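Spelled out from the first residue to the last, the chains are:
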Amino acid sequence: MGKDFWDKAKGILKQVAPTLGTAIGGPFGGIAARAITGALLGKESDSADDAAQALLAASPEHLLALKKAELEFAGHMKSLDLDAEKIAAEDRSSARRMAVDTGTMMPTFIALA
């Protein structure tokens, strides 16, 4: 999948279902993908690629179903007392802290590449 493909899919998520958009890029990606594909395709898939393809082919009726799925997802996360954005931010912070603590040079090598 190309960058344009993902940019378009993310743009749709940002407008219609921002909570799912945040979740799909983080530790709840599989759950978010299942919510998206379930709403748009009628069958669930853990694949972010399947979710992106479904987003790009979605009709207005499908987007309404996606919005409903997002509300259910957000309610479920709230009932579990989970904040997807907070968890994703903590995950990034933890990775940065690990890099500093271990003195790893891998991010530098990746940036140079």
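**Q** Explain the overall build of the chain residue by residue, including any values.
**A** If you tally the helices and strands in the chain, you get seven helices and zero strands. The linear arrangement of helices and strands in the chain, starting from the amino end, is α-α-α-α-α-α-α. Relative to its 113 residues, the chain shows a buried fraction of 27%. Here the chain displays about 7400 Å² of accessible surface, and carbon together with sulfur accounts for 58% of that area.

**Q** Got a sec to walk through helix α3 (residues 29-41)? Specific residues and values, please.
**A** Compared with the 18 Å implied by 1.5 Å per residue over 13 residues, the 17 Å span of α3 between its first and last C-alpha is a close match. Downstream of α3 by one or two residues, Gly 42 has phi in the positive range, about 80 degrees.

**Q** Break down the pattern of salt bridges for me, citing the residues and quoting the values.
**A** This model, assessed by the stated rule, comprises two salt bridges. We note a salt bridge from Arg 34 to Asp 46, for which the minimum N-O separation is 2.4 Å. Separated by twelve residues along the polypeptide, Arg 34 in helix α3 and Asp 46 in the loop between α3 and α4 (48-56) bring together distant segments of the chain. A salt bridge links Lys 67 to Glu 70; the shortest N-O distance between them is 3.0 Å.

**Q** Got a sec to walk through the confidence of the model for the chain? Specific residues and values, please.
**A** Averaged over every residue, the pLDDT of the chain is 81; residues scoring 70 or more account for 81%. The secondary-structure element of the chain with the lowest mean pLDDT is helix α7 (residues 106-112), recorded at 66, while α3 shows the highest, at 89.

Conventions we followed
Residues numbered from 1 in each chain as written. Predicted model: local features only at pLDDT ≥ 70, side-chain atom pairs only at ≥ 80, totals over all residues. Heavy atoms only, no water. Helix = DSSP H or I, 4+ residues; strand = E, 2+ residues; numbered from the N terminus. Buried < 20%, exposed > 50% of the residue type's maximum accessible area, 1.4 Å probe, protein only. Areas by Shrake-Rupley, 256 points an atom, 1.4 Å probe, with all protein chains shown as cover. Expected span 1.5 Å × (residues − 1). Salt bridge = Lys/Arg side-chain N within 4 Å of Asp/Glu carboxyl O. pLDDT = per-residue confidence, 0-100.

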